[in-house]
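Residue-level listing of the chains:
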Amino acid sequence: KERVDQIRKELDMHVSGADVAKPCISFAHFGFDEALLDVIIKHGYSEPTGIQKQAVPIALSGRDIIGIAKTGSGKTAAFIWPMLIHIMDQEELSKGEGPIGLILAPTRELASQIFTEAKKFAKAYGLRVAAVYGGASKMDQFKELRPGGVEILVGTPGRLIDMVKMKATNFRRVSFLVLDEADRMFDLGFEPQVRSICDNIRPDRQTLLFSATFPKKVEALAREVTTEPVRISIGYVGQ
Ligand code: ADP
Ligand code: MG
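These numbers come from a predicted model, not from an experiment.

**Student:** Go over unusual backbone geometry, please, and point to the residues and values.
**Tutor:** Glycine aside, negative phi is the norm for most residues, and most peptide bonds take the trans geometry. Not every positive phi belongs to a glycine, and aspartate 19 is a case in point at roughly 50°. Along the chain, the position of aspartate 19 falls in the loop between β1 (13-16) and α2 (34-42). Despite not being glycine, lysine 167 has its phi angle at roughly 60°, a positive value. If you trace the backbone, lysine 167 turns up in the loop between α7 (157-165) and β6 (176-179). On the basis of relative accessible area, lysine 167 is assigned to the exposed category, the value being 62%.

Right, here's the structure in full:
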């Protein structure tokens, strides 16, 4: 207990919530298999970042997370790794269509960055990833999604909704949902689309929400879309 408090303090981290998994100070402690560890090491990572140390074990325990940490702190991998493990745990993985992991991002640039990062690690298990966003051909994205579907889908809210309307994909299998850069999603006016997507995903899903800042409106949305979340903030002194 004291050791855990000390590690969190060293990371300038605040964690709130009941029965929370302990932080892991090295990759070896995450319990990842060889395949994933290999890709991580090949990628040049030697140690998890602060947010990864705490968010990964909590996500692996199945809990919802509200994560507040500044840009560049390694949040993408913090949600991609547990998402991969979650997907590999699904018994009906090869059956049916539609993603199991869904990531909402505010911009085309961010969606494609997440896509690139997700693909690197998804290789470990041969899982398929696709990204959809505005400013690119709907038809191309439709074709990308259609044959057999993907296990992981990244997208901006508006284009994701378009893809569902076009029946390029559906959210029936989604059980691991990530809202990345939730504050920017608000700034760009995507709140209604984000809510609509969340309302159409099974309520027993696991939800991770990340934000660099945590104003009241983001907090309200976070409370709505998560269930008994663990809140992790790093270096953040605010509301
Ligand atoms: P954030 O989403 O918090 O802004 P990113 O996930 O984009 O941060 O990561 C920022 C950079 O840090 C990326 O280039 C990423 O590849 C790198 N990175 C992530 N995790 C680690 C790690 N454990 N060790 C070294 N570099 C990492
Ligand atoms: Mg990020």
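Still more ground to cover, so stick around.
**Student:** If you had to explain the UniProt feature "short sequence motif: Q motif" (unreviewed entry) in the protein to someone new, which residues and values would you point to?
**Tutor:** The UniProt record marks residues 25-53 with the feature "short sequence motif: Q motif" (unreviewed entry), using the residue numbering of this structure. The span residues 25-53 is 45% helix and 0% strand, and its two end C-alpha atoms sit 6 Å from each other.

**Student:** Quick rundown of the packing of aromatic side chains? Include the residues and the values.
**Tutor:** Under the counting rule described, the total for this entry stands at nine aromatic pairs. An angle of 70° between the planes, with centres 5.9 Å apart, marks the rings of phenylalanine 27 and phenylalanine 30 as edge-to-face. Considered together, phenylalanine 27 and phenylalanine 30 belong to a single accessibility category, that of buried residues. Summarising the aromatic geometry, the rings of phenylalanine 32 and tryptophan 81 are spaced 6.0 Å apart at their centres and angled 70° between planes, so their arrangement reads as edge-to-face. On the criterion of sequence distance, the pair formed by phenylalanine 32 in the loop between β1 and α2 and tryptophan 81 in helix α4 (residues 75-88) is long-range, its members being 49 residues apart. Residue class for tryptophan 81 comes out buried when judged on its relative accessible area of 0%. Linked through ring pairs, Phe27, Phe30, Phe32, Tyr45, Trp81 and Phe121 together constitute an aromatic cluster.

**Student:** So what's going on with the pattern of salt bridges? Residues and values would help.
**Tutor:** Applying the stated rule across the entire model yields ten salt bridges. Lysine 120 is the partner of glutamate 117 in a salt bridge, and the nearest nitrogen-oxygen pair spans 3.3 Å. Of this pair, glutamate 117 and lysine 120 both sit in helix α5 (residues 108-122), three residues apart, which is roughly one turn of that helix. Note on glutamate 117: relative accessible area 15%, which makes it buried. For the salt bridge of arginine 128 with glutamate 151, the shortest nitrogen-to-oxygen distance reads 2.6 Å. In this pair, arginine 128 is assigned in the loop between α5 and β4 (129-132) and glutamate 151 in the loop between α6 (138-145) and β5 (152-155), connecting sequence segments 23 residues apart. With a relative accessible area of 39%, arginine 128 lands in the partly exposed category. Take glutamate 151: its relative accessible area is 5%, and that puts it in the buried class. Here the salt bridges do not stand alone but share partners, grouping Lys138, Arg159 and Asp162 into one network.

**Student:** Explain the side chain of histidine 86 to me, using residue names and the numbers behind them.
**Tutor:** With respect to the helices and strands, the residue histidine 86 is situated in helix α4. The exposure class assigned to histidine 86 is buried, which follows from its relative accessible area of 17%. With near-sequence residues (within four places) excluded, histidine 86 lies in contact with Ile100, Ser175, Phe176 and Gln206.

**Student:** I'd like to hear about the site of ligand 1, residue by residue, with values.
**Tutor:** Neighbouring ligand 1 are 14 residues, the closest being Tyr45, Glu47, Gln52, Gly72 and Thr76. In the environment of ligand 1, an oxygen atom lies 2.5 Å from a nitrogen or oxygen atom belonging to the side chain of tyrosine 45. At 2.6 Å from an oxygen atom of ligand 1 is found a side-chain nitrogen or oxygen belonging to threonine 76. Burial of ligand 1 by the surrounding chains reaches 70%, relative to a free accessible area of 570 Å². The residue makeup of the shell around ligand 1, split by class, is three nonpolar, seven polar and four charged.

**Student:** Tell me about the nonpolar core, and please be specific about residues and values.
**Tutor:** In terms of nonpolar packing, the biggest core is built from 51 residues, with Phe32, Leu36, Trp81, Leu84, Ile103 and Phe121 touching the most fellow members. Considering each element in turn, this core owes the most residues, nine residues, to α4. For phenylalanine 121, the residues in contact, after removing those within four places along its chain, are Leu36, Val39, Ile40, His43, Tyr45, Ala77, Ile80, Trp81 and Leu84. Formed by 31 residues, the second largest nonpolar core is a distinct cluster that contains Ile66, Leu153, Leu160 and Val174.

About the criteria used
Every chain is numbered on its own, with residues counted from 1 as its sequence reads. Labels are handed out in written order, letters beginning with A for the chains and numbers beginning with 1 for the ligands. Totals for whole chains, interfaces and linings use all residues, but because this is a predicted model, local features are given only for residues with pLDDT of at least 70 and pairs of side-chain atoms are given and counted only at 80 or more. Side-chain metrics in this entry use all non-hydrogen atoms of the structure; hydrogen atoms and water are not considered. By the criteria applied, helices consist of DSSP H or I runs no shorter than four residues and strands consist of E runs no shorter than two, each listed in order from the N terminus. Under the scheme applied here, a residue whose accessible area is under 20% of the maximum for its type counts as buried, over 50% as exposed, and between as partly exposed, the area being computed with a 1.4 Å probe on protein chains only. UniProt positions are given in the numbering used here, feature names are shortened, and annotations may be inferred rather than shown by experiment. Note on aromatic contacts: the rings of Phe and Tyr and the six-membered ring of Trp form a pair at centre separations within 6.5 Å, being stacked when their planes are under 30 degrees apart, edge-to-face when over 60 apart, and tilted otherwise. A carboxyl oxygen of Asp or Glu within 4 Å of a side-chain nitrogen of Lys or Arg is what we treat as a salt bridge. Pairs of residues are marked as contacts when any of their non-hydrogen atoms sit within 4.5 Å. Throughout, near means a residue has at least one heavy atom within 4 Å of the molecule or strand. Under this definition, polar contacts are N or O atom pairs within 3.5 Å; protein pairs additionally need one hydrogen-donor-capable and one acceptor-capable atom, and for neighbouring residues in sequence, both atoms have to be side-chain atoms. Values of accessible area rely on a 1.4 Å probe in the Shrake-Rupley scheme; residue burial ignores everything except the protein chains shown. Asp, Glu, Lys and Arg are counted as charged, while Ala, Val, Leu, Ile, Met, Phe, Trp, Tyr, Cys and Pro are counted as nonpolar; the rest, among them Gly, fall into the polar class. Buried Ala, Val, Leu, Ile, Met, Phe, Trp, Tyr and Cys residues that are joined via side-chain atoms within 4.5 Å together make up what is termed a nonpolar core.

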